[in-house]
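# Results of the structural survey
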There are 4 protein chains.
Amino acid sequence: MIKTVGIVGANGYTGSELIRLLAFHPNIKLSFLYSRSNSGTKISDLYPDLTTVCDMVLANKPSQVDILFLCLPHKESQNWLSQNVVSDDTLVVDLGNDFRLDGKFADRNFIYGLPEINKKNLLGVKSIANPGCFATAIQLALLPLAEKGLLNEIFTTGITGSTGAGQSLQSTTHFTWRNDNISAYKTLTHQHVDEVLQQLNSFNDKEVSLNFVPWRGDFTRGIFTSSTVKSDLKLSDLERLYREFYEEAVFVKVSERAIDLKQVVNTNRCVIHIEKNENVVVIHSAIDNLLKGASGQAVQNMNLAMGWEERTGLNLKPIGF
Amino acid sequence: MIKTVGIVGANGYTGSELIRLLAFHPNIKLSFLYSRSNSGTKISDLYPDLTTVCDMVLANKPSQVDILFLCLPHKESQNWLSQNVVSDDTLVVDLGNDFRLDGKFADRNFIYGLPEINKKNLLGVKSIANPGCFATAIQLALLPLAEKGLLNEIFTTGITGSTGAGQSLQSTTHFTWRNDNISAYKTLTHQHVDEVLQQLNSFNDKEVSLNFVPWRGDFTRGIFTSSTVKSDLKLSDLERLYREFYEEAVFVKVSERAIDLKQVVNTNRCVIHIEKNENVVVIHSAIDNLLKGASGQAVQNMNLAMGWEERTGLNLKPIGF
Amino acid sequence: MIKTVGIVGANGYTGSELIRLLAFHPNIKLSFLYSRSNSGTKISDLYPDLTTVCDMVLANKPSQVDILFLCLPHKESQNWLSQNVVSDDTLVVDLGNDFRLDGKFADRNFIYGLPEINKKNLLGVKSIANPGCFATAIQLALLPLAEKGLLNEIFTTGITGSTGAGQSLQSTTHFTWRNDNISAYKTLTHQHVDEVLQQLNSFNDKEVSLNFVPWRGDFTRGIFTSSTVKSDLKLSDLERLYREFYEEAVFVKVSERAIDLKQVVNTNRCVIHIEKNENVVVIHSAIDNLLKGASGQAVQNMNLAMGWEERTGLNLKPIGF
Amino acid sequence: MIKTVGIVGANGYTGSELIRLLAFHPNIKLSFLYSRSNSGTKISDLYPDLTTVCDMVLANKPSQVDILFLCLPHKESQNWLSQNVVSDDTLVVDLGNDFRLDGKFADRNFIYGLPEINKKNLLGVKSIANPGCFATAIQLALLPLAEKGLLNEIFTTGITGSTGAGQSLQSTTHFTWRNDNISAYKTLTHQHVDEVLQQLNSFNDKEVSLNFVPWRGDFTRGIFTSSTVKSDLKLSDLERLYREFYEEAVFVKVSERAIDLKQVVNTNRCVIHIEKNENVVVIHSAIDNLLKGASGQAVQNMNLAMGWEERTGLNLKPIGF
């Protein structure tokens, strides 16, 4: 039976990306798109690539639906849920960071929606906290080591496309500044560090520390990370460890060959590659920040919660070039 | 019933893009991928984005299939058909330019596969000449005028992404040269001019001339064209003319608002926008050169020839950003 | 003797580019940088590449100088000159479009500062209207034909980098939108058309028309144009005509080989290339929009007005790659 | 008195960049440009941006000069010096890595040409080993700590433009692949690691280790690095330490504000920024890989060896945007 879906904050990047995915999802029907600032506007006037794909008008208030996606600025999901009535039967998927560290809110208990660790816990749940983009890329690179208690101190550099900064006009998203440019931001203090550590420490019995240097990249989509750790395991053992850990992960691929960012752009996949020199291990990972790092993972979580095949609506043609 | 498909020249850009599309097409099964130069190699080793999507090994010879795509360098399709046995029942879609101007070859008669003019003629045919990329973008911008006999002299500038130049390494596809660069090539002599004129003149009773200046762009995917012509029709009449002409064209959108290239990247769509000042008309059009300009249109043609819904396998998530 | 220089509107793109040039000019000394909106700020805090090159503080009012550059939004130069006292002895170079079409203003008579046509008239003048960026690129491509009365109707497409749109944050200068994108704007109605026609018609005895389609490019610096005209002259005669016309133009190079945009980026040069097929001629030209198209040409004009060697301060290392 | 200069390997990226710099250097005259593979060709036919700047023909053999630059692939400088006669009075600046780790060769003793540590030793020398590009960026970020013996283990990520890979056509320099892409290469094994450690260990009394992850960036010019180390010093003390260390370094700027790559593109400068959280310190640095990372530093070394002002010929207009 077709389920009804509503999107709150449909006018942003992650909201519109959800529409691109859900427009062709066979099990759902979009009931409403809500935006406080753009109500009355056709979504395809804001995002012309959606013309004929989805020409719905942004509503000025939500209605009851089976599945609700919250695509709001960080900290506004709590406000929204407080001020609006949502049925207990409605599956709520929050793409913000309000419920990632502490999932309890009123009668709901948000589950951290990283399917690669929580797949079995997602069936039937009604509240999902969708992970952050950098948090997804870094965790997927490190979880197999965490599960075995092999992590100590981690040194990670990650680079993100401009869509990670959202649609507001900022000096650091001005084309003239950003084209051909690289810069660091939130050095050692990025908000995803706590999110990553909470998950890693739930596995790893020793305390893990994460020194994370995020960079702004001169491209629109994607995240590439390299994490350096120490390990005495042989490379082949590490690779086997990763393969086993991700055996049932349909969107994660551990590659024996070098990876690059464009292998995953416009897909819901994560690719991982491990290298080793003496006792130093570097794990590279790449995702599309708007898909596996946000809206694609949200659909994956919805599929698992609803009991649908995990890949439904996510068989996306890669950009390739 | 599932039909079998073979791709000759599967290791090139248009060949691999076909695989990206056909891997998820519900009515077909890939039987073989053929490449003279890379036989024995997994296609996903050449194009890692295909890993787990399609891990077939490139064959060293073709086999009999229901549908055959030829993705060969220009002029090599004829050689290939001469040297290999292809059943008369096999649908052959040629992505090269061997049969666009003259479709007769042995017992086959290739139909020009631009669905926007030939949709009704494609059902059941066994031989289709898939149009060129620039030829598609320019024709779609001008066909409504041609049909009414309103064309005289046309001045077109078009810009193409680097994938239009293929995968061979050339000085003009070196990143260091091409990044942030613009240049003209084949000024007034591009091979698609004859292809466009043959189609336009088949409609237009006056002789049409086309002055075409192609540019190389500093992006990978897409074609954007602007064609300047003279007309006494009012803008609103022109827009109505275009809308009527494309009423049944599921992949063409005549936009009243300004268009931009990224609206169509990673889709099979064409967007068109018309502007007018005094008696001068400019028609802009945009396509993804590898999709509506090549492999996507080839799938569209296959769908029409086989009697399948035209959009099957072509509901693609746009890149958006 | 060292001359004093002031820049009004020093905080914009053309203003800051002037500083980059003048910081190393041997004949001048920067006296003041003026900006209404940023007074009190160090220019190197706005443009960190200027650190140690020029760390002057933006002044809140101008002072008397030998040479004054106006880098204001269009139409504000008139206001500024009305509201401030500028000595009759001061050379004023206006980079806006206030005085390009009509140079008379109070007691001043602005000369159109395109050195390739006005070099001999510039020595000793006190008022110079610096040409527009597209206007420079298009005129340099067509002036040799205009001088011989060979122009009729012109069809030009030009593409510009994002710096042409200035430093304000706009949806069309958002990196996420502009990267890998192409779009048209001000089709047939760009403000530089009148400027070009006024100059071309002052040479050409027949009335000239210009159909100009400007495009936004996905790069920061540069303009590339292709102009299509009709001519019965042989290509070799056209090339000789251009060479002779530009014999004394130190910054214009007529190339027998294909040109590309990056040949001129970060230089004050213009490169031109001519191609012909039957009676159709295409002339390509390329400049750096901030240099030959704005601040570089302003310095060139200053040099000529002051009687200095034309290239002083303009021997710039090209970006090359 | 004007000195004569020869360039061996003038047809490569670093060779042509040297020409761009030396063409306007007031103290030298280019005597010959040598290239084995392109002798007889005008350098401006290979690099059209050099037209009218330098139209010399590539020679098929060198001649005696006062100053000789070797711009050869790594390991070929030794061969070249063995097979050609170079006067003992000739200053030889080698841009390859042949003499960086061991400067003794025949009667010559190459000095490591990083002016920020060796400025006083360079006057009058006849043999200079020009540092590597990544090696320059990383050392400048770490030398002040090394001098005080404060370094232990270093974790560095660096990203380089495509010019770092040279002019040969490779799959990783194909525009279609590299545009919008990020990838890692030579993880933990880059050839510059030994070069950096040799210098750092010559200062630092404790053994230093360097875990270096190099990335390929989707831009042409520039290197950006972030190095993570441990320190108990306060941020303000670190900043003072760096300022004092670089007090006489005319091309190094320690910035209190965030830096970005384009601040240094097309200049010979290095910018450095330090951040700290608890006891973890991150030092960012940025250079233009072809200038401070290669040809610009070579000119700086020449200036110092010849007793000329260090900045002669290096007052370059930044790209800015």
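Chains are numbered independently. Their residues run from 1 in the order of the written sequence. Whichever chain is written first becomes A and whichever ligand is written first becomes 1, with later ones labelled in order. The predicted origin of the model limits local features to residues at a pLDDT of at least 70 and limits the giving and counting of side-chain atom pairs to 80 or more, whereas totals for whole chains, interfaces and linings rest on all residues.

All right, on to the interface of chain A and chain D then. Taken residue by residue, the interface counts 30 residues in chain A and 30 residues in chain D. Each helix is a run of H or I in the DSSP string that is no shorter than four residues. Each strand is a run of E no shorter than two, and both are numbered from the N terminus. Breaking the side of chain A that touches chain D down by element, the ones donating at least two residues are β9 (153-160), β10 (183-184), β11 (209-216), β12 (223-230), β14 (270-277) and β15 (280-287) of chain A. Counted by class, the side of chain A that touches chain D contains 13 nonpolar, 12 polar and 5 charged residues. Note on contacts: residues are paired as contacts if their backbone-placed C-beta atoms lie within 7 Å. Only Asp, Glu, Lys and Arg are considered charged in this grouping, and only Ala, Val, Leu, Ile, Met, Phe, Trp, Tyr, Cys and Pro are considered nonpolar; every other residue, Gly among them, is considered polar.

Once that is clear, we can look at the relation of the copies chain A and chain D. Least squares is used to superpose the copies, and the fit set is the C-alpha atoms of residues whose pLDDT is at least 70 in both copies. When chain A is brought onto chain D, the operation consists of a screw motion whose angular component is 180° and whose axial shift is 0.0 Å, with 0.0 Å RMSD remaining. Here the copies are linked by what is in effect a two-fold axis. Looking at chain A, 100% of its interface residues are interface residues in chain D too, so the copies touch through the same face.

This part takes up the interface of chain D and chain C. Interfaces are often sized by the accessible area lost when the parts come together. With 25 residues of chain D at the interface, the matching set in chain C holds 25 residues. A per-element tally of the side of chain D that touches chain C places helix α1 (residues 13-22) of chain D first, with 5 residues. Considered class by class, the residues forming the side of chain D that touches chain C number 9 nonpolar, 9 polar and 7 charged.

Residues and elements named next belong to chain A. Here chain A is described as being made up of domain 1 (3-130 + 292-306) and domain 2 (133-290). The C-alpha centroid of domain 2 is placed 25 Å from the C-alpha centroid of domain 1. Those elements that provide at least two residues to the side of domain 1 that touches domain 2 are α1 (13-22), α4 (115-122) and α9 (291-306). No other element matches the 7 residues that α9 contributes to the side of domain 1 that touches domain 2. Looking at side-chain class alone, the side of domain 1 that touches domain 2 contains 6 nonpolar, 8 polar and 4 charged residues. Either an automatic procedure or a domain database provided the assignment from which the domain bounds are taken.

Residues and elements named next belong to chain C. Buried means a residue has 20 or more other C-beta atoms within 10 Å of its own C-beta, exposed means 12 or fewer, and partly exposed covers the counts in between; C-beta atoms are placed from the backbone. Counting buried residues along strand β15 (residues 280-287), 7 of its 8 residues qualify, which places the element largely inside the surrounding structure. Following DSSP output, two strands are said to pair if at least two bridges run between them. Looking at chain direction, strand β12 (residues 223-230) and β15 are connected through 8 bridges and run antiparallel. By the bridge assignment for β15, S227 is matched with I283. With 8 bridges connecting them, strand β14 (residues 270-277) and β15 associate as antiparallel partners. Paired with N277 across the two strands is V280, which belongs to β15. Here β14 folds back onto β15 in antiparallel fashion, the turn holding 2 residues, of which E278 has a positive phi close to 50°.

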